[in-house]
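Residues per chain, in single letters:
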Amino acid sequence: MQVIIAENAGFCFGVKRAVKMAEEVLDSSEANEKIYILGEIIHNPQTVKMLEEKGAVTIDEKDLEAVEPGKLILRSHGVPLEVIEKAKRLHFSIVDTTCPFVKKAQIIADQNSKKENQLIIIGKKEHPEVKALLSHSLYNAIVIGSFDEVKNLNFKPDVKTVIIVQTTFSGNEFKKITGEIVLLYKEILVYNTICNATYIRRTESLSVAEKTDVNIVVGGKNSSNTRELTNFLLEKGYKAFQIESPEEIRREFFDEAGCVGITGGASTPLSVIEDVKRAVEEFCL
Ligand code: SF4
């Protein structure tokens, strides 16, 4: 059995940066200093566990009033502005790990919140990044998560309309949705804020899938880009299974497979991908 790992598997730039920043804060903290992470810093359980073992405490926004103030690490895909303001009012010191690519979309939302323009955010309403982007638009933007939702747009056709998109959104869906929206408005400005890391992972996964019989996509269950990567391979007609850890590997994945491809979402550590590789090799001995 041959096992091939996709070339750029492992953390993307933004996730690497966020985890490094969190580790530096934890490594330089004083004894008894309180270090919190607001929500999952990235959608990967192994990394969240590693940071918690170093002393970080993961909390929700609703816990802010209940805990003793300390350093508060914000996740790589952003946090709504009012939550940051609340934390500052409660005397937390903020460590903002927001990825620069997400920041870029936030700046466009900021700029358009102060203009007459109509702003559309293409993305999943429940995704933390989209919630943060909406706050940067001062809640004036409309979120569109699918082609079917385009009909809900009630903006004026003759007012300049600006589009931004969740960094990990599917490129194909984005194309379909914007193709429909551009027909509705006289003047429209589309910012493709989809991150390159997503595109690179797809291209490399495709090139691995072409050489293999089955593909394992490794990533957190809440990771949007991992799910998109799995769906992308399935839509292209390749056999693919998504798992979070080596324990989820099943013998039936490998029926008659001579070659297995392993890839992962942008928030999957390389160490977990290598653990999966070892487990696949042991499984098929
Ligand atoms: S996927 Fe892109 S936008 Fe998201 S953290 Fe990684 S580099 Fe940044």
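In short, a report on the structure. Quantities reported herein were computed from a predicted structural model and do not represent experimental measurements.

What counts, and at which threshold
- Residues numbered from 1 in each chain as written.
- Predicted model: local features only at pLDDT ≥ 70, side-chain atom pairs only at ≥ 80, totals over all residues.
- Heavy atoms only, no water.
- Pairing = 2+ DSSP bridges.
- Helix = DSSP H or I, 4+ residues; strand = E, 2+ residues; numbered from the N terminus.
- Right-handed = clockwise from strand over helix to strand, strands pointing away.
- 1 Å grid on protein atoms, 1.4 Å probe; cavity = no way out; pocket = protein on both sides within 12 Å on 5 of 7 lines; lining within 4 Å.
- Points joined across faces, edges and corners; volume = space filled by probe spheres on them.
- Nonpolar A, V, L, I, M, F, W, Y, C, P; charged D, E, K, R; others polar.

### Considering the pairing of strand β11 (residues 240-243)
Across a regular strand the side chains alternate sides, sitting on one face of the sheet and then on the other. For strand β10 (residues 214-218) and β11, the ladder comprises 4 bridges, and the chain directions are parallel. Looking across to β11, one finds that isoleucine 216 is bridged to phenylalanine 241. With helix α8 (residues 224-235) bridging β10 and its parallel neighbour β11, the resulting β-α-β unit is right-handed.

### Describing the layout of surface pockets
Remark: the empty space left among the atoms is shown by a probe the size of a water molecule rolled over them. Approximately 460 Å³ is the volume found for the largest pocket. Along its surface, the largest pocket is lined by 33 residues, and Cys12, Phe13, Gly14, Ala197 and Ala266 are the ones closest to its centre. Where the lining of the largest pocket is concerned, the elements lending two or more residues are α1 (13-27), α4 (100-113), α7 (196-209) and α8. Of all the elements, α7 adds the most residues to the lining of the largest pocket, at 5 residues. For the lining of the largest pocket, the class distribution of residues is 15 nonpolar, 14 polar and 4 charged. If you add up the space inside the second largest pocket, you get close to 260 Å³. Looking at the second largest pocket, it is lined by 14 residues, and the ones nearest its centre are Gly171, Asn172, Thr198, Tyr199 and Arg202. Listed by contribution, the elements that provide at least two residues to the lining of the second largest pocket are α6 (171-181) and α7. Counting residues per element, the lining of the second largest pocket draws most heavily on α7, which supplies 6 residues. Partitioned by chemical class, the residues of the lining of the second largest pocket number 7 nonpolar, 6 polar and 1 charged.

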